[in-house]
Amino acid sequence: MERYSRITDKNKREIVLLRAFPCVWGKCTFCDYIEDNGRDEAEMVRENREALREITGEFGVLEVINSGSCFELPKETLEDIRTVVRLKNIKRLIFESHWIYRKRLQEMRDYFGIPVTYKMGVETFDYDFREKVLNKHADFKTPMEAAEYFDSICLMVGIQGQTKEMIRNDIAWLKKYFNHGTVNVFNNNSTPIKRDEELVRWFMEEYQWLLDDPDVEVLYEITDFGVG
Ligand code: SF4
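The rules behind each value
- Counting starts from 1 at the beginning of each chain's written sequence and moves along it residue by residue.
- Local features in a predicted model are, by the rule used here, given only for residues with pLDDT of at least 70; side-chain atom pairs are given and counted only at 80 or more, and totals for whole chains, interfaces and linings are based on all residues.
- To obtain the side-chain values, all non-hydrogen atoms of the structure were used and water was disregarded.
- The helix count covers DSSP runs of H or I at least four residues long, the strand count covers runs of E at least two residues long, and both are numbered beginning at the N terminus.
- Whether a residue is buried, partly exposed or exposed follows from its accessible area with a 1.4 Å probe, protein chains only, as a fraction of its type maximum: under 20%, in between, or over 50%, in that order.
- UniProt positions are given in the numbering used here, feature names are shortened, and annotations may be inferred rather than shown by experiment.
- For this analysis, a nonpolar core means a set of buried residues of the types Ala, Val, Leu, Ile, Met, Phe, Trp, Tyr and Cys, connected via side-chain atoms within 4.5 Å.
- By definition in these notes, contact holds between two residues if any of their heavy atoms fall within 4.5 Å.
- We treat two strands as partners when DSSP finds at least two bridges between them.
- For helices, the fitted line uses only the C-alpha atoms of the stretch in contact; every axis is such a line through C-alpha atoms, and the angle between N-to-C directions lies from 0 to 180 degrees.
- Orientation categories follow fixed angle ranges, with anything under 35 degrees roughly parallel, anything over 145 roughly antiparallel, 65 to 115 roughly perpendicular, and all other angles oblique.
- Crossing handedness follows the turn of the near helix against the far one: under a right angle anticlockwise gives a left-handed crossing, and clockwise gives a right-handed one.
- By the convention adopted, Pro, Cys, Tyr, Trp, Phe, Met, Ile, Leu, Val and Ala count as nonpolar, Lys, Arg, Asp and Glu as charged, and the other residues, Gly among them, as polar.

## Some details on unusual backbone geometry
Then, number 1: Positive phi, normally seen in glycine, also occurs at Glu123, with a value near 70°.
Then, number 2: In this fold, Glu123 is placed in strand S5 (residues 116-123).
Then, number 3: Since its relative accessible area comes to 4%, Glu123 is described here as buried.
Then, number 4: Of note, the phi angle at His137 is positive, near 60°, even though the residue is not glycine.
Then, number 5: On the secondary structure map, His137 appears in the loop between helix H4 (127-133) and helix H5 (143-147).

## Section: the UniProt feature "domain: Elp3/MiaA/NifB-like radical SAM core" (unreviewed entry) in the protein chain
Then, number 1: The UniProt entry lists residues 13-213 under the feature "domain: Elp3/MiaA/NifB-like radical SAM core" (unreviewed entry), expressed in the numbering used here.
Then, number 2: Within the segment residues 13-213, helix and strand shares are 34% and 17% respectively, and the terminal C-alpha atoms sit 17 Å apart.

## Some points on the nonpolar core
Then, number 1: In terms of nonpolar packing, the biggest core is built from 51 residues, with Ile81, Leu93, Phe95 and Phe203 touching the most fellow members.
Then, number 2: Leave out the neighbours within four places in its chain, and Phe95 touches Val64, Cys70, Leu73, Ile81, Met108, Phe112, Val116, Thr117, Tyr118 and Lys119.

## Some words on the sheet that holds S5
Then, number 1: Ordered in space as S1-S2-S3-S4-S5-S6-S7-S8, the eight strands form an open sheet in which the pairing is mixed. The sheet is open, and its two borders are formed by strand S1 (4-7) and strand S8 (216-219), each paired with just one other strand. Averaged over neighbouring strand pairs, the angle between their axes works out to 20° when direction is ignored.
Then, number 2: Looking at chain direction, S1 and strand S2 (residues 13-17) are connected through four bridges and run antiparallel. Paired with Arg6 across the two strands is Glu14, which belongs to S2.
Then, number 3: Packing against the sheet, helix H6 (residues 164-177) makes contact with S5, strand S6 (152-157), strand S7 (180-185) and S8, and its axis sits at approximately 165° to S6.

## A look at the packing of helix H1 (residues 41-52) against helix H2 (residues 75-87)
Then, number 1: At a minimum axis distance of 9 Å, the contact between H1 and H2 shows a crossing angle of 15°. Comparing the axis directions of H1 and H2 gives the class roughly parallel. For the pair H1 and H2, the crossing hand works out as right-handed. Taken together, the residues of H2 that come into contact with H1 (itself represented by Glu41, Val45, Asn48, Arg49 and Leu52) are Lys75, Glu76, Thr77, Asp80, Ile81 and Val84.
Then, number 2: Residues belonging to the contact of H1 with H2 are distributed by class as follows: four nonpolar, two polar and five charged.

## Examining the environment of Pro22
Then, number 1: Examined against the element boundaries, Pro22 turns out to sit in the loop between S2 and H1.
Then, number 2: Taking the C-alpha atoms as reference points, Pro22 and Glu35, separated by 13 residues in sequence, lie 8.6 Å from one another.
Then, number 3: For Pro22, the residues in contact, after removing those within four places along its chain, are Asn37, Gly38, Arg39 and Glu72.

What follows is the structure, encoded as structure tokens:
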């Protein structure tokens, strides 16, 4: 498991994949990375410290991901991140947060005292697909509603049952309402949700231009950020 990486392509930054308590929701049908969640706080804090030790601050931006939301990180790990932020002169943090925590986003901004960009897993703006098939438990109805809280979102493409129309809308709304986005091309994992190869081929052709869009990162493999 790689827990530290540097992203030197778009949006240069360092990234760490830390361990945290179980995801508050934990029931998305496509997700098996919550297996990285834990309950042994001391062990998680120790492992996280090892990853945080790698940070040099060279880009001034640090992304912290944790197979859940930043609000599930152990308190001591948050303190360790804050120490790194101060020592390495980090000027901006990027965290992940589920929709459930949308009213708490300011807490981390206050705690760290620097700008925090939150990434929220939208997966798709198609309400039925998101809520009934993916079981995301993020019950906003419109992109504008999500954009009130988040300026960076994650989309998932290439799942059986998803349509080209849904993907067209998702990308259009990402570009229209959000400053930054991550598009994850779905890869089969241990869950029953399956990849639609034809749809993935279509997407990679049709949306080739997204690869050059400075505000959108397309992850063809879940490990494309170098962690995982
Ligand atoms: S909210 Fe994220 S980490 Fe939690 S189950 Fe869903 S996809 Fe997995």
